[in-house]
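# Reading the structure
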Amino acid sequence: LESQIKSLMELIKLSFAISIIAFTYSVILTEPGMLLEKVASWLAYILPEWLFMPLIGCERCVAGQMALWYCAFFESQLKFSEYIFVVMFSIFIATFIKPVYSWMQRF
């Protein structure tokens, strides 16, 4: 049981890390004056929405994509249920980061 809890905690930490990276990349770095502002604007102009959103336009979409591909390439030992958990939990966490970030911006 202790090893299962330790394994679950590792998956939760991985999901948090992916969500924070995805949020930083797709929201913070695309804000006016930031590094990816022009790239995001250009991609929004040339790409259809179904492609733009998971690439850079939506923090939840980006978190899901990053988790999906990270686990596929670097976490090959995961069971399918763990793989799905990391993807879904990363999306779930990304949902809550934006309101917290917006709240922090007020101070």
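Residues numbered from 1 in each chain as written. Predicted model: local features only at pLDDT ≥ 70, side-chain atom pairs only at ≥ 80, totals over all residues. Heavy atoms only, no water.

Below, the discussion takes up the pattern of salt bridges. If you walk through the whole model with that rule in mind, you get two salt bridges. With its nearest N and O atoms 3.2 Å apart, the salt bridge here joins Lys-13 to Glu-10. Taken together, the residues span about one helical turn, with Lys-13 and Glu-10 both in helix 1 (residues 2-26) at a distance of three residues. Lys-98 is paired through a salt bridge with Glu-59; the nearest N and O atoms lie 3.8 Å apart. With Lys-98 in helix 5 (residues 80-105) and Glu-59 in helix 4 (residues 59-74), the pair connects residues that are 39 residues apart, well separated along the chain. (Salt bridge = Lys/Arg side-chain N within 4 Å of Asp/Glu carboxyl O. Helix = DSSP H or I, 4+ residues; strand = E, 2+ residues; numbered from the N terminus.)

Before going further, it helps to examine the packing of aromatic side chains. Using the criterion set out here, one finds eight aromatic pairs in the structure. Their ring planes at 80° and their centres at 6.1 Å tell us that Phe-16 and Phe-89 sit as a pair that is edge-to-face. Separated by 73 residues along the polypeptide, Phe-16 in helix 1 and Phe-89 in helix 5 bring together distant segments of the chain. Measuring from ring centre to ring centre gives 5.2 Å for Tyr-70 and Phe-74, while their planes differ by 40°; the resulting arrangement is tilted. Of the two residues, Tyr-70 and Phe-74 are both situated in helix 4; the distance of four residues between them amounts to about one turn of the helix. Grouping aromatic residues by their ring pairs yields a cluster made of Phe-16, Phe-85, Phe-89, Phe-92 and Phe-96. (Phe/Tyr/Trp six-rings, centres within 6.5 Å; stacked < 30°, edge-to-face > 60°.)

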